[in-house]
Amino acid sequence: MLGRYDRGSAGGEAKVEYGDGTMRVIKPGTYVRCAVTGEPIPLDALRYWNVDRQEAYATPEAAMQRLKEIGAAR
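Residues numbered from 1 in each chain as written. Predicted model: local features only at pLDDT ≥ 70, side-chain atom pairs only at ≥ 80, totals over all residues. Heavy atoms only, no water.

J.: Before we go on, may I ask you to explain the nonpolar core in this structure?
T.: A general tendency of soluble globular proteins is for nonpolar side chains to be buried together. V16, Y18, V32, I41, L43, L46 and A56 are the most contacted members of the largest nonpolar core, which has 14 residues in total. Elements that contribute at least two residues to this core include exactly strand 1 (15-18), strand 2 (23-27), strand 6 (55-57) and helix 1 (60-73). With near-sequence residues (within four places) excluded, V16 lies in contact with M23, R24, I26, V32, L43 and Q54. (Core = buried A, V, L, I, M, F, W, Y, C linked by side-chain atoms within 4.5 Å. Buried < 20%, exposed > 50% of the residue type's maximum accessible area, 1.4 Å probe, protein only. Helix = DSSP H or I, 4+ residues; strand = E, 2+ residues; numbered from the N terminus. Contact = heavy atoms within 4.5 Å.)

Right, here's the structure in full:
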């Protein structure tokens, strides 16, 4: 498996496994997509994700929106 900064020269969308405070790049790439907005998030800028849902979020607002959606679905 590749580490966070071992993305190689591959461009495009990465496949990432999200952990508690860490992430592991499974498939090299330069970005992941926000699960709420669909916008690309450069891996170097990725700060918000949900371990249980294995989703990335572009902003804290997007993360909060998803939490509200999850709460409303219960």
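J.: What is the right way to read the environment of I41 from this model?
T.: Inspection of the secondary structure puts I41 in strand 4 (residues 40-42). Sequence spacing of I41 and A56 is 15 residues, and the spatial spacing of their C-alpha atoms is 8.4 Å. In contact with I41, not counting residues within four places along its chain, are T30, Y31, V32, R33, C34, L46, A56, Y57 and A58.

J.: Would you mind going over the pattern of salt bridges with me for this structure?
T.: Side-chain pairs of opposite charge can arise whenever the charged atoms involved come near each other. Following the criterion strictly, the structure yields five salt bridges and no others. Note that R66 is salt-bridged to E69, the shortest N-O span being 2.6 Å. Of this pair, R66 and E69 both sit in helix 1, three residues apart, roughly one helical turn. (Salt bridge = Lys/Arg side-chain N within 4 Å of Asp/Glu carboxyl O.)

J.: What is the right way to read helix 1 from this model?
T.: In an α-helix, one full turn covers 3.6 residues, which means residues spaced three or four apart are oriented alike. Here helix 1 is 14 residues long and its end C-alpha atoms lie 20 Å apart, about the 20 Å a rise of 1.5 Å per residue gives. By the burial criterion, the buried members of helix 1 are A62, A63, R66 and I70. Down the axis, helix 1 shows its buried residues gathered within 100° of arc, on one side only. Facing away from the buried surface of helix 1 by more than 90 degrees, the exposed residues are E61, K68 and A72. Looking at the buried positions of helix 1, the neighbouring elements they touch are strand 6. (Expected span 1.5 Å × (residues − 1). Arc of directions from axis to C-beta.)

J.: Sorry if this is basic, but what is going on with the side chain of N50 here?
T.: Relative to the assigned elements, N50 resides in strand 5 (residues 48-50). Of note is the side chain of N50, whose polar atom sits 2.8 Å from the backbone nitrogen of R53. Once you skip the residues sitting within four places of it in the chain, N50 turns out to touch E55 and Y57. (Polar contact = N/O pair within 3.5 Å; in protein donor to acceptor, adjacent residues only side chain to side chain.)

J.: How should the environment of K27 be read in this particular structure?
T.: With respect to the helices and strands, the residue K27 is situated in strand 2. Residue classification places K27 among the partly exposed residues on the basis of a relative accessible area of 46%. Separated by 14 residues in the primary sequence, K27 and E13 place their C-alpha atoms 8.3 Å from one another. At 3.3 Å, the side chain of K27 and the backbone oxygen of E13 are in polar contact.

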